[in-house]
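Take a look at the letters that make up each chain.
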Amino acid sequence: MTVEQDLSPLVKTVVVPVGVDRAFEAFTAETSAWWPLFSHSVGEEAANEVRLEGAVGGRIVEYGADGELATWGTISDWDPPASLSFSWHPGGDPSEAGQVTVTFEATGGGTQVQLVHSGWERRGEGGGRARLSYDTGWDYVLGKYVEFAR
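Analysis parameters
Residues numbered from 1 in each chain as written. Predicted model: local features only at pLDDT ≥ 70, side-chain atom pairs only at ≥ 80, totals over all residues. Heavy atoms only, no water. Helix = DSSP H or I, 4+ residues; strand = E, 2+ residues; numbered from the N terminus. Contact = heavy atoms within 4.5 Å. Polar contact = N/O pair within 3.5 Å; in protein donor to acceptor, adjacent residues only side chain to side chain. Salt bridge = Lys/Arg side-chain N within 4 Å of Asp/Glu carboxyl O. Buried < 20%, exposed > 50% of the residue type's maximum accessible area, 1.4 Å probe, protein only. Pairing = 2+ DSSP bridges.

(A) Representation of the environment of Glu30. One can find Glu30 in the loop between α1 (20–28) and α2 (31–34). In the structure, Glu30 is positioned 119 residues away from Ala149 in sequence and 9.6 Å away in space, judged by C-alpha atoms. Residues contacting Glu30, with those up to four places away along its chain left out, are Arg22, Glu25 and Phe148. At a separation of 2.9 Å, a polar atom in the side chain of Glu30 contacts the side chain of Arg22.

What follows is the structure, encoded as structure tokens:
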């Protein structure tokens, strides 16, 4: 008997108490300051930086003391400060990459940031397990972003 996997897009929404420009800058240009590399990276203890190259075709790259450790994805849409989209395959096969879109919208208390992660079907049998893992993983990572973007 086969258990049907949930491959629907994950949607995560947080509000940061800053303007849209600052929220976008913190998310993209200052990723290393808030991303929990010790627990959410390819190199773990060896990872010391992640850089998001801000333009279509730019990469998201994890670095260690000796240089590049892994490519996490490639930017497919860059529309500051409203949105960005990128493939997502930290250290994995780009043919199994998911797609992440992040939007930034002004709200009464600052900026609403919405992250949509789709493409789970590209992971074959492991898509449902990956989605379940990212469901809690994105909560943790975005919590670190909210703590930072003040």
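This is not the end of the story, as more comes after the structure.
(B) Geometry of the pattern of salt bridges. One pass over the full model with this rule turns up 9 salt bridges. In this structure, Lys12 engages Asp135 in a salt bridge whose closest nitrogen and oxygen atoms are separated by 2.5 Å. Of this pair, Lys12 sits in strand β1 (residues 10–16) while Asp135 is found in helix α3 (residues 127–148), placing the two residues 123 residues apart along the sequence. The residue Glu49 makes a salt bridge to Arg51 at a minimum N-O spacing of 2.9 Å. If you follow the salt bridges from partner to partner, you end up with Lys12, Asp135 and Asp139 in one network.

(C) The pairing of strand β3 (residues 59–64), seen in detail. Counting buried residues along β3, 5 of its 6 residues qualify, which places the element largely inside the surrounding structure. Alignment of strand β2 (residues 47–52) against β3, held across 5 bridges, turns out to be antiparallel. Paired with Arg51 across the bridge in β3 is Val61. Between β2 and β3, which pair antiparallel and follow one another directly, the connecting turn spans 6 residues, one of which, Gly57, has a positive phi of 90 degrees. In terms of strand pairing, β3 meets strand β4 (residues 67–79) through 6 bridges, oriented antiparallel. Bridge pairing links Ile60 to Gly73 in β4. Counting the residues that bridge the hairpin from β3 to β4 gives 2 residues.

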